[in-house]
Amino acid sequence: MADERDKSVVIIGGGAAGLSAANQLQQAGVDAVIVEGRSRLGGRIHTVDVDGSDAAWVDMGAAWIDDHKTNRVYHLIEPAGAGVEPTVPKLTNVRAYDERPSRWVGRVRAVLAMGKMGWRIHRLKKPTTKFAHLGERIDTMLGTKAGRFDEYLLKSVTELLDGGPVSETHQNAFSDGPWEYLRYKEKTSVMVVGGFRHVVDELSASLDQDRIFLDHGVVAVKCWPQFEGSYPVVVETANGATFVGTHVIVTVPIGVLKANAIAFEPPLPAEKQDVIERMGVGNVEKVALTFAAPFWREKPNKAMHFVSVPDPFEPRSVIIDVTDTAGAAPGAAANPCLVAICAADVAKATADRPHDAVESTLATLQQMFPDSYQPPVATAVSTWSADPFSQGVYSYPTPRTRPGDYTLLGESCHDSRVLFAGDSCTAEAYLSSVEGAIVSGERAAKAIIEGVD
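First, a word on scope: everything that follows refers to the structure included in this document. Keep in mind that this is a model prediction, so the values were computed, not measured.

## Regarding empty space enclosed by the protein
Logical step 1: Counted according to the given criterion, the structure contains three cavities of 30 Å³ or more.
Logical step 2: Put simply, the largest cavity is a space of about 70 Å³.
Logical step 3: Split into classes, the residues belonging to the lining of the largest cavity amount to nine nonpolar, three polar and two charged.
Logical step 4: Space inside the second largest cavity adds up to approximately 50 Å³.
Logical step 5: If you trace the second largest cavity, you find it lined by Trp57, Val58, Asp59, Ala63, Met191, Val192, Gly195, Val322 and Thr325.

## Regarding the sheet that holds strand S20 (residues 337-343)
Logical step 1: With respect to topology, seven strands assemble into an open sheet ordered S8-S7-S18-S19-S20-S17-S21, the strand pairing being mixed. Bordering the open sheet on either side are strand S8 (103-104) and strand S21 (378-381), each of which pairs with just one other strand.
Logical step 2: In this sheet, S8 lies alongside strand S7 (residues 94-98) in antiparallel orientation, the contact comprising two bridges. Counted as the bridge partner of Asp98 is Arg103 from S8.
Logical step 3: In this fold helix H10 (residues 354-368) packs onto S7, S8, strand S17 (284-290), strand S18 (305-309), strand S19 (317-321), S20 and S21, with an angle of close to 60° to the strand it touches most, S17.

## Digging into the layout of surface pockets
Logical step 1: Within this model, the second largest pocket holds a volume of roughly 320 Å³.
Logical step 2: If you go around the second largest pocket, you meet 22 residues; those closest to its centre are Arg316, Val346, Ala357, Ser360 and Thr361.
Logical step 3: Classifying every residue of the lining of the second largest pocket gives 11 nonpolar, six polar and five charged.

## Some remarks on the packing of aromatic side chains
Logical step 1: In total, this model carries 16 aromatic pairs according to the counting rule given.
Logical step 2: Consider the rings of Trp179 and Tyr181, whose centres lie 6.0 Å apart with planes at 15°: the pair is stacked.
Logical step 3: An aromatic cluster is defined as three or more aromatic residues linked by ring pairs; in this entry it consists of Tyr97, Trp104, Phe291, Phe295, Trp296, Phe306, Phe369 and Tyr373.
Logical step 4: When the ring centre of Trp104 is taken as reference, the NZ or CZ atom of Arg95 above it lies at 4.0 Å.
Logical step 5: The side chain of Lys272 reaches across the aromatic face of Phe420, ending 4.2 Å from its centre.

## Focus on the packing of helix H3 (residues 107-123) against helix H5 (residues 148-162)
Logical step 1: Running from N to C, H3 and H5 cross one another at 45°; their axes reach a closest spacing of 9 Å. It follows from the interaxial angle that H3 and H5 lie oblique. Considering only the axes of H3 and H5, their crossing is right-handed. Residue-level inspection shows Arg109, Ala110, Ala113, Met114, Lys116, Met117, Arg120 and Ile121 of H3 in contact with H5, the latter providing Phe149, Asp150, Leu153, Leu154, Val157 and Thr158.

## Observations concerning the pattern of salt bridges
Logical step 1: Under the definition given, this model contains 23 salt bridges.
Logical step 2: For Asp150, the salt bridge identified is with Arg109, shortest N-O distance 2.3 Å. With a gap of 41 residues between them, Asp150 in helix H5 and Arg109 in helix H3 connect regions that are remote in the sequence.
Logical step 3: You can call Asp150 buried: its relative accessible area is 5%.
Logical step 4: Looking at Arg109, the relative accessible area reads 30%, which means it is partly exposed.
Logical step 5: When the shortest N-O distance is used, the salt bridge between Arg353 and Asp356 registers 3.6 Å.

## Considerations on the sheet that holds strand S13 (residues 242-245)
Logical step 1: With mixed pairing, the four strands of this open sheet are ordered in space as S13-S12-S11-S15. Of all strands in the sheet, those bounded by a partner on one side alone are S13 and strand S15 (263-265). Strand-to-strand twist of the sheet, defined as the mean angle between neighbouring strand axes without regard to direction, takes the value 15°.

## Overview of the pairing of strand S9 (residues 189-192)
Consecutive residues of a regular strand have side chains that alternate between opposite faces of the sheet.
Logical step 1: Of the two faces of S9, both are covered, the one formed by Ser189 and Met191 as well as the one formed by Val190 and Val192.
Logical step 2: Taken together, the three bridges between strand S5 (residues 64-66) and S9 define a ladder with antiparallel strand orientation. Paired with Trp64 across the strands is Met191, a residue of S9.

## Notes on the environment of Tyr373
Logical step 1: Within the secondary structure layout, Tyr373 lies in the loop between H10 and S21.
Logical step 2: Residues Tyr373 and Phe295, 78 residues apart in the sequence, show an inter-C-alpha distance of 6.3 Å.
Logical step 3: Apart from the residues within four sequence positions on either side, Tyr373 is in contact with Phe295, Leu362, Leu365 and Gln366.

## Remarks on the packing of helix H1 (residues 16-27) against helix H12 (residues 434-451)
Logical step 1: At a closest axis distance of 7 Å, the pairing of H1 and H12 adopts a crossing angle of 35°. In this structure, H1 crosses over H12, and the sense of that crossing is right-handed. Every residue of H12 that contacts H1 at Ala16, Ala17, Ser20, Ala21, Gln24 and Leu25 is listed here: Val434, Ala437, Ile438, Ser440, Gly441, Glu442, Ala445, Ile448 and Ile449.
Logical step 2: Residue classes in the contact of H1 with H12 are distributed as 10 nonpolar, four polar and one charged.

## Quick word on the nonpolar core
Logical step 1: By size, the foremost hydrophobic cluster in this structure holds 46 residues, and its most contacted members are Val58 and Phe149.
Logical step 2: No other element matches H5, which puts six residues into this core.
Logical step 3: Setting aside residues no more than four positions away along its own chain, Val58 makes contact with His46, Thr47, Val48, Val50, Ala288, Val322, Cys337 and Val339.
Logical step 4: Listed in part, the 37 residues of the second largest apolar core include Leu19, Leu41, Val73 and Val199.

Calculation rules
Every chain is numbered independently, its residues counted from 1 as its sequence is written. Only residues with pLDDT of 70 or above have their local features reported here, since the model is predicted, and side-chain atom pairs are shown and tallied only from 80 upward, although totals for entire chains, interfaces and linings are computed over all residues. Here the side-chain values reflect all heavy atoms present in the structure, with hydrogen atoms and water set aside. With a 1 Å grid spanning the protein atoms alone, the term cavity applies to any set of points in which a 1.4 Å probe fits but cannot get out, the term pocket to an open set with protein on both sides within 12 Å along at least five of seven lines, and the term lining residue to any residue with an atom within 4 Å of a point. Grid points are joined across faces, edges and corners, and a volume is the space filled by probe spheres set on the points. Only Asp, Glu, Lys and Arg are considered charged in this grouping, and only Ala, Val, Leu, Ile, Met, Phe, Trp, Tyr, Cys and Pro are considered nonpolar; every other residue, Gly among them, is considered polar. When DSSP finds two or more bridges between two strands, those strands count as paired. To qualify as a helix, a DSSP run of H or I must reach at least 4 residues; to qualify as a strand, a run of E must reach at least 2; elements of each kind are numbered from the N terminus. Contact between two residues is taken to exist if any of their heavy atoms lie within 4.5 Å; hydrogens are not considered. Axis definition: a line fit to C-alpha positions, over the contact stretch in the case of helices; interaxial angles, taken between N-to-C directions, run 0 to 180 degrees. For this analysis, a ring pair means two rings from Phe, Tyr or Trp (six-membered ring only for Trp) whose centres lie within 6.5 Å, classed as stacked if their planes differ by under 30 degrees, edge-to-face if by over 60, and tilted for the remaining angles. Consider the ring centre and the ring normal. A charge sits over the ring if Lys NZ or Arg CZ is within 6 Å of that centre and within 35 degrees of that normal. Roughly parallel means an angle under 35 degrees; roughly antiparallel means over 145; roughly perpendicular covers 65 to 115; every other angle is labelled oblique. Two helices that cross are described as forming a left-handed crossing if the nearer one is turned anticlockwise from the farther one by less than a right angle, and a right-handed crossing if clockwise. Only one rule defines a salt bridge in this text: a Lys or Arg side-chain nitrogen within 4 Å of an Asp or Glu carboxyl oxygen. We call a residue buried when its accessible area falls under 20% of the maximum for its residue type, exposed when it is over 50%, and partly exposed in between, using a 1.4 Å probe and counting protein chains only. Nine residue types can take part in a nonpolar core, namely buried Ala, Val, Leu, Ile, Met, Phe, Trp, Tyr and Cys, and a core is a set of them joined through side-chain atoms within 4.5 Å.

The structure is reproduced here in structure tokens:
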């Protein structure tokens, strides 16, 4: 066994989980290094200044803080003066367009559809054993005479929330009962003015920058009891660097684990590998657009969000007006910005063909606003599904996922030398959230700290 008085931790991944673990270890006097494959920190938190003006900041990854008054993320950035805005589609700020007849859905019809969608999602919280997957459950709920807008809303929103096709998602994905993870009550849902980059800034501000290694993609974790004397854990990177320590905290996304992008020696326990295989990896992508004027707004100071039901029908995307949070800070100038968010198979196509995704989004806007449409000043497209350091976004339960899987994913292995953290192993916390990732990182660090006293 290693000399526990001389402890060192290698943290794989510089996202929210890795940064929070590093903070916890540093405060306890435990040496730790962060090894990150990208040339930046933040992981799937990535805020882009779309047109380079410092007035068009858009989150291409994590974007919303739910139940912000009780959310760790809000309380992390609030003392620094970061503002938030309630940027979320609701009954009165969503318009819908149907591409089949080429016309807007009536306002009363749109409000009723939004209300019914909320009621139906609430019904999905009740566990059942009647259906093979979520898609079958939704089709049964909608009935044989479902309106195009009703079906589009429900399937698009549920796919955006979980990231996977409804036909490959567990029938109880939105139920509280069977799972060990929690869902937010969603009494509030806000976005950060200037973006989630403020979260990364706060998490990394006090860390020893000399102990952070960017552009070091990890390819192997080796854990042998007597290797290198007091350092039994060896982490190898694609550029030939080697890091040794007493423990390693693996914070890579579920997509990287499913792709077996990191070789573990000895291999991960069979039960943990089985859990990884049973979980789904969601795909969610964004097309961000900034304009000279908010031509889509009926009132200059009132945000308006959109859905456009395509023909032929498929869950595609929703378009969110993010102008109110595009400024660098509260009160700063902000350029008009929209972001189209898509999920599942459409998201995969977006990551593979970003230019086509932009053109498709612009064509939709031109069709909706033939008289007032203006071309964008600049655009940006996320490619999480094709990114080797994410290979998707967050996890979702497939029909094969079992209660207890998320707890098992977060358990340590290899004689407690290899620990796991991240938004996909947040048992008794909030799955697929930044807050959950932070909690899991602190949990892993605490286990190391308490285990070496």
